[in-house]
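Structural features, examined
Residue-level listing of the chains:
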Amino acid sequence: TLASHINVATIYAADEAAGLVLAQDFGTATLATTPEAARPPVYLEAIETLLTLQTIPDFAPDFLGAYDGAVCAHEASLFVEWYLPYRGINIKEEAANAWHKLWQTLGDELYATTKATIILRDYHSVNLHWQNCAAQIYRLGVIDVQDALRGTPAYDVVSLLQDARIDVSAAQTTQSLNHYSQKRFSGDIIAQQDFLRDYALCGAQRNFKIAGIFVRLAKRDNKPSYLDHLPRIIKYIRHNLNHNSLQPVAAWLAAYAPDWDSP
């Protein structure tokens, strides 16, 4: 179970029918509330926690769904359905279908070529609680694990380092990626390059999804503060599109939504 490997909240009592759970309180000290100068130890433990989870033999339980092309395409389509109209860009059904098919293909290839591990999917600053009283990786309390799936391990690294809600410095990103790669791949250059490809693909897909979700939260659910995070999301997408594996995605944007990231 997750609890035997990382620090997740203990459930003391549960009433499933009523939808109630009495769970351990991790407090309010999250990565998001930690001053930037004090964040490096938290990022270190966050990477170590992922390494622990991802290197447990066969720890991708069969009862978890697959984060495959169908899921990738469905989520990436939120960009077309919500973000582009918000920017005044309305595309035709044919183009929307091409976007969906593109991400279906990329997602299926990613799932087929990478050994699947458990991915928590919301592994980011507001869900990572610092526990000073604990030791080693257990200093990091992890919440919001109920949407876990089986997929590429790069996804949760993206969640952490391309955080939608806080800025992660270039130095911290580089340090964390290097630490992860050195411990996970032990100098295997090809494996490291494959990981960076996966990181770019997951980063683009996740941030296209988040751009759509944040616009939906603002427009449909009357939560306009989410729009404040869009410049950060756009910056991540631009960065990921520089990887050659994203050329088909960049070509689609150039053809159907060339002004998607205009100020």
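Quick note: structure is the one above.
In short, a report on the structure.

About the criteria used
- Residues numbered from 1 in each chain as written.
- Predicted model: local features only at pLDDT ≥ 70, side-chain atom pairs only at ≥ 80, totals over all residues.
- Heavy atoms only, no water.
- Helix = DSSP H or I, 4+ residues; strand = E, 2+ residues; numbered from the N terminus.
- Rg over C-alpha atoms; globule rule 2.2 N^0.38 Å.
- Buried < 20%, exposed > 50% of the residue type's maximum accessible area, 1.4 Å probe, protein only.
- Contact = heavy atoms within 4.5 Å.
- Areas by Shrake-Rupley, 256 points an atom, 1.4 Å probe, with all protein chains shown as cover.
- Lys, Arg positive; Asp, Glu negative; His and termini not counted.
- Charge placed at Lys NZ, Arg CZ, Asp CG, Glu CD.
- Phe/Tyr/Trp six-rings, centres within 6.5 Å; stacked < 30°, edge-to-face > 60°.
- Pairing = 2+ DSSP bridges.
- Axes fitted to C-alpha atoms, helices over the stretch in contact; angles between N-to-C directions.
- Parallel < 35°, antiparallel > 145°, perpendicular 65-115°, else oblique.
- Left-handed = near helix turned anticlockwise from the far one by under 90°.

Another aspect to go through is the overall build of the protein chain. The secondary structure content of the protein chain amounts to 8 helices and 7 strands. For 263 residues, the compact-globule formula gives about 18 Å, and the C-alpha radius of gyration of the protein chain, at 19 Å, lands near that figure. Its C-alpha atoms give the protein chain principal-axis dimensions of roughly 55 × 45 × 40 Å. With 263 residues in all, the protein chain has 48% of them scored as buried. Pairs at least 24 apart in sequence give 78% of the contacts found in the protein chain among residues at least 6 apart. Approximately 13000 Å² of the protein chain is accessible, and the part contributed by carbon and sulfur atoms is 53%. Between the averaged position of the 21 positive side-chain charges in the protein chain and that of its 28 negative side-chain charges there is a distance of 4 Å.

So, on to the packing of aromatic side chains. In this description, an aromatic ring pair is defined by two values, namely the gap between the centres and the angle between the planes. Under the definition given, this model contains 17 aromatic pairs. Pairing Trp 99 with Phe 208 gives two aromatic rings, centres 5.0 Å apart and planes at 85°, and the pair type is edge-to-face. You can see Trp 99 sitting in helix H3 (residues 93–113) and its partner Phe 208 sitting in helix H6 (residues 189–219), a full 109 residues away along the chain. Grouping residues by exposure puts Trp 99 and Phe 208 together as buried. Seen from their ring centres, Trp 252 and Tyr 256 are 5.2 Å apart, and the 50° between their planes marks the pair as tilted.

The next point concerns the side chain of Glu 75. Examined against the element boundaries, Glu 75 turns out to sit in helix H2 (residues 69–86). If near-sequence neighbours (up to four positions away) are discounted, Glu 75 is found in contact with Tyr 67, Arg 121, Tyr 155, Gln 205 and Lys 209.

Strand order across the open sheet formed by 3 strands is E1-E6-E5, with mixed pairing between neighbours. The open sheet has two edge strands, strand E1 (7–8) and strand E5 (128–130), and neither has a second partner. One ladder, built from 3 bridges, connects E5 with strand E6 (residues 140–142); its direction is antiparallel. Across the sheet, residue Leu 128 finds its bridge partner in E6, namely Val 142.

What follows deals with the packing of helix H1 (residues 40–54) against helix H4 (residues 154–161). Helix packing for two helices is described by the angle between their axes and how far apart those axes are. Close contact between H1 and H4 brings their axes to 11 Å; oriented N to C, the two are set at 165°. One element, H1, and the other, H4, form an angle in the roughly antiparallel class. Seen from above, H1 lies across H4 with right-handed handedness. Here Tyr 43, Ala 46, Ile 47 and Leu 50 of H1 lie close against H4, whose contacting residues are Asp 156, Val 157, Leu 160 and Leu 161.

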